[in-house]
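# A look at the structure
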Amino acid sequence: LLEFRAGGGLDDPDLPTLPLMPGLAGPDSCSTSFVNVFPTGILGVAPDYVYAGVWLPDGPGRTTLAFHFYYVDEGAFADKFRPVREHIVKRAQEVFTQDSAVLKSVQGRAPYRIHKDLRNRYSTYWEGAVHQFERQIANAMLEAAGQARG
């Protein structure tokens, strides 16, 4: 979770404040989180916007990441919020560009893990949101098959 300052970010207090998502209170009103939807997606939720990212194959050894940003009410279209929206998109582009080298390295070394019989590890502390999301997906699938569990 990142510390959040309403109005588009951690680093520019001069930007106007976007409208917040309705119904947020307590820690949810001042935190940002994201969940990877493996293997091809990411969902990020901030108090004043949501983004979805999708990795798409673009040929051998190439992948394209496309983002879609969603804002509340006039935050989505009002000219006074254009600099905030542009700032949010620019910041996301910078972060994911920086992460690209790390992701390439991790993915490039994945075959070596198989040869060394190194198994992935699941951390209940760090992966709680992912596990909850996986439970929701599994329950939705079971429900669709008429076998939902609690």
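All values derive from a computational prediction rather than experimental measurement. (Residues numbered from 1 in each chain as written. Predicted model: local features only at pLDDT ≥ 70, side-chain atom pairs only at ≥ 80, totals over all residues. Heavy atoms only, no water.)

On to helix H1 (residues 82-115). Compared with the 50 Å implied by 1.5 Å per residue over 34 residues, the 50 Å span of H1 between its first and last C-alpha is a close match. Along its length, H1 reaches its greatest deviation from straightness, about 35°, at Ser-100. Turning to H1, its buried residues number three or more, namely Val-84, Arg-85, His-87, Ile-88, Arg-91, Ala-92 and Phe-96. On its buried face, H1 is in contact with strand E3 (41-46), strand E4 (49-57) and strand E5 (63-71). (Helix = DSSP H or I, 4+ residues; strand = E, 2+ residues; numbered from the N terminus. Expected span 1.5 Å × (residues − 1). Bend = angle between axes of the 7 residues up to and from the residue. Buried < 20%, exposed > 50% of the residue type's maximum accessible area, 1.4 Å probe, protein only. Contact = heavy atoms within 4.5 Å.)

Next up on the list: the packing of aromatic side chains. Enumeration over the complete set of coordinates arrives at seven aromatic pairs. An angle of 40° between the planes, with centres 6.4 Å apart, marks the rings of Tyr-49 and Phe-69 as tilted. Of this pair, Tyr-49 sits in strand E4 while Phe-69 sits in strand E5; the two residues are 20 residues apart in sequence, bridging distant segments of the chain. Of the two residues examined, Tyr-49 and Phe-69, each falls in the buried class. (Phe/Tyr/Trp six-rings, centres within 6.5 Å; stacked < 30°, edge-to-face > 60°.)

Here we come to the pairing of E3. Bridging between strand E2 (residues 31-37) and E3 involves five bridges; their strand directions are antiparallel. Within E3, the position partnered with Asn-36 by the bridge is Ile-42. Inspection of the sheet shows E3 paired to E4 by six bridges, in the antiparallel sense. Across the sheet, the residue bridging to Leu-43 is Ala-52, located in E4. Count of turn residues in the E3/E4 antiparallel hairpin: two residues. (Pairing = 2+ DSSP bridges.)

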